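# Observations on the three-dimensional arrangement
Each chain is listed here by its residues.
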Amino acid sequence: SAVISQKPSRDICQRGTSLTIQCQVDSQVTMMFWYRQQPGQSLTLIATANQGSEATYESGFVIDKFPISRPNLTFSTLTVSNMSPEDSSIYLCSVRMGGGRSYNEQFFGPGTRLTVL
Amino acid sequence: AQSVTQPDIHITVSEGASLELRCNYSYGATPYLFWYVQSPGQGLQLLLKYFSGDTLVQGIKGFEAEFKRSQSSFNLRKPSVHWSDAAEYFCAVGPSGGYNKLIFGAGTRLAVHP
């Protein structure tokens with residue numbers, strides 16, 4: 001498994017501002033993902049963070065709203081831009097380790113709880 | 001389309017009682033199946049996984065799950081629930097799509113009475 005940390009753990013922001021969430025992993029991982037969990041809901045994949053190239057976004061999510069960086073194999077950031085109250089959610093970083101059948105096993109960070117006023 | 005259904009939104013059990021959380025999936029091939037637990041204010045922790053082989057898999061914290069292909073189910077069980085098991089439980093299936101993402105169910109919230 002991997003130890004995943006996220007910063008900040010929670011934040012309260014004003015509408016129209018942006019917040020950057022950091023995800024740090026204690027070992028090199030093949031893939032990193034960003035999920036959103038809206039209040040009382042399940043997890044929805046926002047995008048796959050690709051090392052050295054642009055992220056791959058899921059339907060309904062766009063780069064202008066959720067720019068993602070992944071400068072190396074242990075770190076990624078997600079920015080929530082021009083926030084509105086509808087962006088209030090828990091944002092979770094996830095990683096997938098490499099090799100064999102465990103390739104599809106994902107581990108999650110503790111999440112960032114965002115409230116937009 | 002691939003999907004995961006968790007029919008029970010909320011379940012309440014007494015401490016010491018047995019537990020079964022239901023999960024049904026729709027998938028075009030042999031799936032990889034997962035159960036995650038999310039305690040209040042926490043991220044997701046992997047309880048167990050099924051890739052292939054023995055259809056009864058053991059996980060952490062005394063949980064087990066059984067893969068039944070004929071019923072497209074992967075139900076989670078525990079013989080004796082502890083108060084600390086109160087949490088939200090998510091079933092997930094993968095890979096899905098070109099990037100091997102996971103599809104999550106809506107979750108089942110478990111409450112445990114003393």
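Preceding this paragraph is the structure being described.
Each value, and the rule that gives it
Residues numbered from 1 in each chain as written. Chains lettered and ligands numbered in written order. Predicted model: local features only at pLDDT ≥ 70, side-chain atom pairs only at ≥ 80, totals over all residues. Heavy atoms only, no water. Helix = DSSP H or I, 4+ residues; strand = E, 2+ residues; numbered from the N terminus. Buried < 20%, exposed > 50% of the residue type's maximum accessible area, 1.4 Å probe, protein only. Contact = heavy atoms within 4.5 Å. Areas by Shrake-Rupley, 256 points an atom, 1.4 Å probe, with all protein chains shown as cover. Lys, Arg positive; Asp, Glu negative; His and termini not counted. Charge placed at Lys NZ, Arg CZ, Asp CG, Glu CD. Rg over C-alpha atoms; globule rule 2.2 N^0.38 Å. Core = buried A, V, L, I, M, F, W, Y, C linked by side-chain atoms within 4.5 Å.

It is worth spelling out the overall build of chain A at this point. Helices and strands together make up the secondary structure of chain A, namely zero helices and 11 strands. Start at the N end of chain A and walk to the C end: the helices and strands fall as β-β-β-β-β-β-β-β-β-β-β. Seen along its three principal axes, the alpha-carbon backbone of chain A occupies a region of about 45 × 25 × 25 Å. Counting all 117 residues of chain A, 53% fall into the buried class. Long-range contacts, defined as pairs at least 24 residues apart, comprise 55% of the intrachain contacts of chain A with a sequence gap of at least 6. Accessible area of chain A: about 5,300 Å², with a carbon and sulfur share of 48%. Each charge sign in chain A was given a centre, from 9 positive and 8 negative side chains, and these centres are 5 Å apart.

When its secondary structure is counted, chain B shows zero helices and 12 strands. Traced from its N-terminal end to its C-terminal end, chain B shows the element sequence β-β-β-β-β-β-β-β-β-β-β-β. Over its C-alpha atoms chain B spans a radius of gyration of 14 Å, differing by no more than 12% from the 13 Å that the globule rule assigns to 114 residues. Viewed in the frame of its principal axes, chain B has a C-alpha envelope of about 45 × 30 × 20 Å. Counting the 114 residues in chain B, one finds 47% classified as buried. If you take every contact in chain B between residues at least 6 apart in sequence, the share linking residues at least 24 apart comes to 53%. When the accessible surface of chain B is split by element, carbon and sulfur atoms take 49% of a total near 5,300 Å². Charged side chains of chain B number 9 positive and 8 negative; the gap between the two group centres comes to 7 Å.

Counting residues in each nonpolar core, the largest one holds 45 residues, and the members touching the most others are A:W34, A:Y35, A:V95, B:Y36 and B:F104. Counting residues in hydrophobic clusters, the runner-up holds 28 residues, among them B:W35, B:Y50, B:I103 and B:L110.

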